[in-house]
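# Residue-level structural notes
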Amino acid sequence: MGRHDGGTAPPTAPWYARTGQVALRWLGRLALGALAGAVVLGATRWAGTSWEASRALGAAAAVLVVAATAMAATMPAPPEPLPPAGTDPPGTRRPTPRDDL
C-alpha cells in the first residue's frame, strides 16, 4: 500500500558489471588523488621545500583527496528545485493592495 505499492524492482546488473562500475569509480578517485599529490609535490619542490617534506605533503594531499571524494559520494542528492514563487497558473488573479480600497 502507499509508497510500497509498486511494480517489481528492476533487475540488478550482473556481478561483473557492478564490479566494473565500482572499479572505475575508485580508479577515478585514485587518479584524482594522484594528480593532486603530484601537483602538491611539484609546487612544494619548486618553492624550495626539501624532498622528504615535499613527498610527505604530496602523499598527504593524495590521501586527503581520495578520502574526500569517497566521503562526498555518500552525500544525498540535492533536492529538486521549487518553482519560482511569483508564478501562478494562467487564469488566476492575485489580490493587490488596491483591491481593498
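Residues numbered from 1 in each chain as written. Predicted model: local features only at pLDDT ≥ 70, side-chain atom pairs only at ≥ 80, totals over all residues. Heavy atoms only, no water.

Here the focus is the overall build of the protein. Broken down by element type, the protein carries 2 helices and 0 strands. Expressed as a percentage of the 101 residues in the protein, the buried residues total 10%. In the protein, the proportion of contacts linking residues at least 24 apart, taken out of those at least 6 apart, comes to 48%. Total accessible area on the protein stands at roughly 8700 Å², and carbon and sulfur atoms take up 69% of it. (Helix = DSSP H or I, 4+ residues; strand = E, 2+ residues; numbered from the N terminus. Buried < 20%, exposed > 50% of the residue type's maximum accessible area, 1.4 Å probe, protein only. Contact = heavy atoms within 4.5 Å. Areas by Shrake-Rupley, 256 points an atom, 1.4 Å probe, with all protein chains shown as cover.)

A word on helix H2 (residues 51–72). Count 3.6 residues to each turn of an α-helix, and residues three or four apart come out pointing the same way. Spanning 22 residues, H2 covers 31 Å between terminal C-alpha atoms, matching the ideal 32 Å at 1.5 Å per step. For H2, every residue scored as buried is listed here: Ser-54, Gly-58, Ala-61, Ala-62 and Val-66. Each buried residue of H2 sits inside an arc of 125° when the element is viewed along its axis, so together they form one side. Away from its buried face by more than 90 degrees, H2 exposes Glu-52, Val-63, Leu-64 and Met-71. Lining the buried residues of H2 we find helix H1 (15–46). (Expected span 1.5 Å × (residues − 1). Arc of directions from axis to C-beta.)

So, on to the packing of H1 against H2. The interhelical angle for the contact between H1 and H2, taken along N-to-C directions, is 150°, at an axis separation of 7 Å. Considered as vectors, H1 and H2 are oriented roughly antiparallel to each other. Two packed elements cross with a definite hand, and for H1 against H2 that hand is right-handed. Mapping the contact onto sequence places Trp-26, Arg-29, Leu-30, Leu-32, Gly-33, Ala-36, Gly-37, Val-40, Leu-41, Thr-44 and Arg-45 in H1 and Trp-51, Ser-54, Arg-55, Leu-57, Gly-58, Ala-61, Ala-62, Val-65, Val-66, Thr-69 and Ala-70 in H2. (Axes fitted to C-alpha atoms, helices over the stretch in contact; angles between N-to-C directions. Parallel < 35°, antiparallel > 145°, perpendicular 65-115°, else oblique. Left-handed = near helix turned anticlockwise from the far one by under 90°.)

Right, let's get into the packing of aromatic side chains. Going through the model one piece at a time under the given rule, you end up with 1 aromatic pair. Between Trp-15 and Tyr-16, the ring centres sit 5.8 Å apart and the planes meet at 85°, which makes this aromatic pair edge-to-face. By the burial criterion, Trp-15 is exposed, and Tyr-16 matches it. Between the NZ or CZ atom of Arg-29 and the centre of the ring of Trp-26, over which it lies, the distance is 4.6 Å. (Phe/Tyr/Trp six-rings, centres within 6.5 Å; stacked < 30°, edge-to-face > 60°. Lys NZ or Arg CZ within 6 Å of the ring centre and 35° of its normal.)

Here we take up a nonpolar patch on the surface. A cluster of nonpolar side chains, Leu-32, Leu-35 and Val-39, forms an exposed patch at the surface whose accessible area comes to about 280 Å². A relative accessible area of 52% places Val-39 in the exposed class. (Patch = residues over 30% accessible without salt bridge, like charges linked within 9 Å, V, L, I, M, F, W, Y side chains within 5 Å. Salt bridge = Lys/Arg side-chain N within 4 Å of Asp/Glu carboxyl O.)

Time to look at the side chain of Thr-44. As for its position among the elements, Thr-44 is in helix H1. At 2.8 Å, the side chain of Thr-44 forms a polar contact with the backbone oxygen of Val-40. In this structure the side chain of Thr-44 is engaged in a polar contact, spanning 3.1 Å, whose partner is the backbone oxygen of Leu-41. With near-sequence residues (within four places) excluded, Thr-44 lies in contact with Thr-49, Ser-54 and Leu-57. (Polar contact = N/O pair within 3.5 Å; in protein donor to acceptor, adjacent residues only side chain to side chain.)

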